[in-house]
2 protein chains.
Amino acid sequence: MSILTRPILEINLINLEKNYRFLQNLAKGADAAAVVKDDAYGLGAEMIAETLYQNAGCRTFFVAHGIEGEKIRPYVPNAKIYVLQGIGEDSLASFEQAKLTPVIAGKEQLAFWKEHKINGIKPAIQIETGLNRLGFREQELAELTDEERNLFSMALSHLACADEQGHFMNEHQLQNFNRLREIYFPKLPASLSASDGTFLGANYRFDIVRLGAAMYGINTAPYRENQMLPVVSVKAPVLEISTLNRGDFVGYSATYRAADERKIAIVSIGYGDGIPRSLSNVGKLFFYNGGKTSEARIIGRISMDNIICDVSEVENLHVGDMAFVINEFYTLDDIGRDAGTIGYEVLSRIGKNQRFERRYLK
Amino acid sequence: MSILTRPILEINLINLEKNYRFLQNLAKGADAAAVVKDDAYGLGAEMIAETLYQNAGCRTFFVAHGIEGEKIRPYVPNAKIYVLQGIGEDSLASFEQAKLTPVIAGKEQLAFWKEHKINGIKPAIQIETGLNRLGFREQELAELTDEERNLFSMALSHLACADEQGHFMNEHQLQNFNRLREIYFPKLPASLSASDGTFLGANYRFDIVRLGAAMYGINTAPYRENQMLPVVSVKAPVLEISTLNRGDFVGYSATYRAADERKIAIVSIGYGDGIPRSLSNVGKLFFYNGGKTSEARIIGRISMDNIICDVSEVENLHVGDMAFVINEFYTLDDIGRDAGTIGYEVLSRIGKNQRFERRYLK
């Protein structure tokens, strides 16, 4: 028996690389760019970017913010780094220092760029095709001068519903994108799809696909079984095992009451470690013991540091044993669903917590 | 007009200190300990602990994990640091190095402590009184030897429903705590209440109150108006302003459709910055302009890096203007409610994101 207190986050860089290569192969002919924004969805942008650069030859990266690009630059010296949120006064120094390529999404940013151009950099242009988020609208494209259009090196847009095969928006946006780039940027390389769009077919892939979520193991094509290998697993030690008597309450606001005697385990992980509180009384943990996998339902409210689960059916459990919180049987996508959100948001929360003992498998 | 891209997190250390003093005064006679676990709920444990230690004379701190105690030790050299998750093989070195005081919550940890005692440290004991989380149950207390009972320097428990004045659990746990400590630890200093319990009355305060959430501005006594000053504010720049036509969709999965022409703003913050995705189509942002405060409803799904809001009623808005995401009119508690959770979880997410320009007001 070990007495342990810390949760453990394992990041499988071997599977990450395999996922990247799978997607690269799926998108053969297109440049397979890696999306490492939001600190590589919380997994550590430096480590992820370096792995893909060194081991898989990735030479194109996307981040959201200038500072994110600056952070990874030392690890990907000869790569092109696109910055999706564009450029501004508060990020200009990062662009200059790290030679980043802004994605310009509106006329105000374009005016800023014209004033602050960086030698040797030609920005990308974001074109709005139906998401109604960032990007030049058709009318604004029409107002660009020839000189302005010649400033750009790549044309990009983003799909709204690419995780739903056959959604009318996909075809609608594809047509819009083709129409607009043929009118305004017929000679530029183009990029429309993130992971989800990459699965929609060759006509969605263009010159660059932007691989993020799927590379990290999320099923971005949920209309069929996940083809990605898991990259993230989380486990946490059992701090205590106890018994509930009939009528006992559990956790904050007493939201669970035992209808008969139950065995419970208190596990050393909580929403302070990024586990969504909305899994309270809904989610589950897993135990592996002597070749057997047991499910333990989360009972009561998840608190900042602890989860309580019902281990009445778990045999041979000891204090210090590991409860599996994210694993192959309870994936980021499963947790997203049970927590009323998506795997992306769960992933983005997890890795930012300093209490994890963080292990990179490579 | 400024062109900006980064969200800004402001942490008001002056208000933090005022909140601490208010609570310290409310709990006069008790030691006002500061809870800085989970990186001080994401706000930066070193900075928060140092502020309270230097400016407000705080000499007792609570963290959850050994590594958290080790991290703050240099900033609070002569303070007592309690560790709520207890001690184990994976944290022993932190305890030894930083002279931390474990809160022992079960017999397995007690056995571990007896093997690995640290010179000059007397642990606290956690007593279970109704939360059914960590702590010695009554039967386990009865089994302690005299020698074991003498190992401890403080007796602690935790309330389940202290944010509900008059909840039957409060009185029930108070009676349990008094009964058990009088039998087993009649001479030890005692601690029952976190912020919420501190408001319940003098009989809940004992020798040490553990101040966390309220100190950070959360209303832990929601049955009356918040008496705390705000500590956290978040704002983010408008990247783009655009127009929706009747019938246009917005955001992922096209969950919003414009019933008539609307003006929208795309704001540079998202769930990757800790803003709950469950605020999609529910939450709001604020703009201050010429002495006027305007509300802008969040429309469509919140994405990792952006929020789209309806600014049809916001006058005189420009790209680069700041949208207020967390402010005095839309507090952590309000966001918790609208997002289907509590302010604690929102707070714990926000400060962990590296993309914020982080400003400490002091």
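Right above here is the structure, for reference.
Residues numbered from 1 in each chain as written. Chains lettered and ligands numbered in written order. Predicted model: local features only at pLDDT ≥ 70, side-chain atom pairs only at ≥ 80, totals over all residues. Heavy atoms only, no water.

Turning our attention to the overall build of chain A. In terms of regular secondary structure, chain A is built from 12 helices and 18 strands. Here the C-alpha coordinates of chain A stretch approximately 75 × 40 × 40 Å along the principal axes. By residue count, 65% of the 362 residues in chain A fall in the buried class. Pairs at least 24 residues apart make up 65% of the contacts formed inside chain A by residues separated by at least 6 positions. Split by element, the accessible area of chain A, about 13100 Å² in all, is 45% carbon and sulfur. (Helix = DSSP H or I, 4+ residues; strand = E, 2+ residues; numbered from the N terminus. Buried < 20%, exposed > 50% of the residue type's maximum accessible area, 1.4 Å probe, protein only. Contact = heavy atoms within 4.5 Å. Areas by Shrake-Rupley, 256 points an atom, 1.4 Å probe, with all protein chains shown as cover.)

When chain B is fitted to chain A, the residual RMSD is 0.0 Å, and the transformation amounts to a turn of 180 degrees plus an axial shift of 0.0 Å. Classification of the inter-copy transformation places it as that of a two-fold axis. For chain B, the minimum C-alpha distance to the rotation axis belongs to B:Lys352 and amounts to 3.1 Å. (Least-squares fit on C-alpha atoms with pLDDT ≥ 70 in both.)

Moving on, we get to the interface of chain B and chain A. With 78 residues of chain B at the interface, the matching set in chain A holds 78 residues. In terms of surface lost to chain A, no three residues of chain B exceed B:Ile3, B:Asp90 and B:Arg133, which account for 10% of the buried area on that side. Applying the counting criterion to the chain B and chain A interface returns eight salt bridges. Of the charged contacts in the structure, one is a salt bridge between B:Glu345 and A:Arg349, with a shortest N-O distance of 3.0 Å. In this assembly, chain B and chain A are joined by 44 residue pairs in polar contact (both at pLDDT 80 or more). Looking at the side of chain B that touches chain A, its residues break down into 34 nonpolar, 24 polar and 20 charged. (Buried area = accessible area lost by both parts, 1.4 Å probe. Salt bridge = Lys/Arg side-chain N within 4 Å of Asp/Glu carboxyl O. Polar contact = N/O pair within 3.5 Å; in protein donor to acceptor, adjacent residues only side chain to side chain. Nonpolar A, V, L, I, M, F, W, Y, C, P; charged D, E, K, R; others polar.)

Turning our eyes to something else, we now look at the pairing of strand β9 (residues 208-211) of chain A. All names here are of chain A. Side chains Ile208 and Arg210 of β9 all project onto a buried face; the interleaved residues Val209 and Leu211 project onto the opposite face, where all are buried too. Relative to β9, strand β2 (residues 31-35) runs parallel, the two sharing four bridges. Considered in β9, the bridge of Asp31 is made with Ile208. (Pairing = 2+ DSSP bridges.)

Our focus in this paragraph is the pattern of salt bridges. Under the counting rule described, the total for this entry stands at 46 salt bridges over all chains. For A:Lys284, the salt bridge is made with A:Glu295, and the minimal N-O distance between the two is 3.8 Å. Taken as a pair, A:Lys284 in strand β14 (residues 284-289) and A:Glu295 in strand β15 (residues 292-298) lie far apart in primary sequence, 11 residues in all. Among the ionic pairs, B:Glu140 bridges to B:Lys107, the shortest N-O distance being 3.5 Å. Remark: B:Lys107 occurs in helix α6 (residues 107-116) and B:Glu140 occurs in helix α7 (residues 138-143); sequence separation between them is 33 residues. Here B:Glu140 falls in the buried class, since its relative accessible area comes to 14%. Counted as one network, the salt bridges with shared partners bring together A:Lys37, A:Glu68, B:Asp273, B:Asp305 and B:Arg355.

Residues and elements named next belong to chain A. Relative to each other, helix α1 (residues 13-26) and helix α3 (residues 45-56) sit at 60 degrees, their axes nearing to 10 Å. Relative to α3, the element α1 is oriented oblique. In the crossing of α1 with α3, the sense of the turn from one axis to the other is right-handed. Between α1 and α3, the residues in contact are Leu13, Leu16, Glu17, Tyr20, Arg21 and Gln24 and Met47, Ile48, Thr51, Leu52, Asn55 and Ala56, respectively. Here the contact of α1 with α3 is composed, by residue class, of seven nonpolar, three polar and two charged. (Axes fitted to C-alpha atoms, helices over the stretch in contact; angles between N-to-C directions. Parallel < 35°, antiparallel > 145°, perpendicular 65-115°, else oblique. Left-handed = near helix turned anticlockwise from the far one by under 90°.)

Our next topic: helix α1 (residues 13-26) of chain B. Residues and elements named next belong to chain B. Compared with an ideal rise of 1.5 Å per residue, which puts 14 residues at 20 Å, α1 spans 20 Å between its outermost C-alpha atoms and is within 8% of the ideal. Next to the buried residues of α1 lie β1 (8-12), β2 (31-35), α3 (45-56), β9 (208-211) and β18 (357-361). A side-chain oxygen of the first residue of α1 lies 3.0 Å from the backbone nitrogen of Ile14; this N-cap is Asn12. (Expected span 1.5 Å × (residues − 1).)

Right, let's get into the packing of aromatic side chains. Enumeration over the complete set of coordinates arrives at 15 aromatic pairs over all chains. Measuring from ring centre to ring centre gives 5.1 Å for A:Phe177 and A:Phe206, while their planes differ by 85 degrees; the resulting arrangement is edge-to-face. Highlighted residues: A:Phe177 in helix α9 (residues 168-184) and A:Phe206 in the loop between α10 (195-198) and β9, separated in sequence by 29 residues. Overall, the relative accessible area of 0% leaves A:Phe177 in the buried class. Its relative accessible area of 17% is what places A:Phe206 among the buried residues. Seen from their ring centres, B:Tyr41 and B:Tyr216 are 4.8 Å apart, and the 40 degrees between their planes marks the pair as tilted. In this pair, B:Tyr41 sits in helix α2 (residues 37-41) while B:Tyr216 sits in the loop between β9 and β10 (232-244), placing the two residues 175 residues apart along the sequence. For the residue pair B:Tyr41 and B:Tyr216, the accessibility class agrees, reading buried in each case. Through a chain of ring-to-ring contacts, three or more aromatic side chains come together here, namely A:Phe286, A:Phe329 and A:Tyr330. Taking the ring centre of B:Tyr53 as reference, the NZ or CZ of B:Arg59 above it sits at 3.7 Å. (Phe/Tyr/Trp six-rings, centres within 6.5 Å; stacked < 30°, edge-to-face > 60°. Lys NZ or Arg CZ within 6 Å of the ring centre and 35° of its normal.)

Turning next to the sheet that holds strand β3 (residues 60-63) of chain A. Residues and elements named next belong to chain A. Sheet architecture is open: eight strands sit in the order β8-β7-β6-β5-β4-β3-β2-β9, paired in parallel fashion. The two strands at the open ends of the sheet, each matched to only one other strand, are β8 (190-191) and β9. Pairing of β2 with β3, which is carried by two bridges, proceeds in the parallel orientation. Following the sheet pairing, Val35 is matched in β3 by Phe62.

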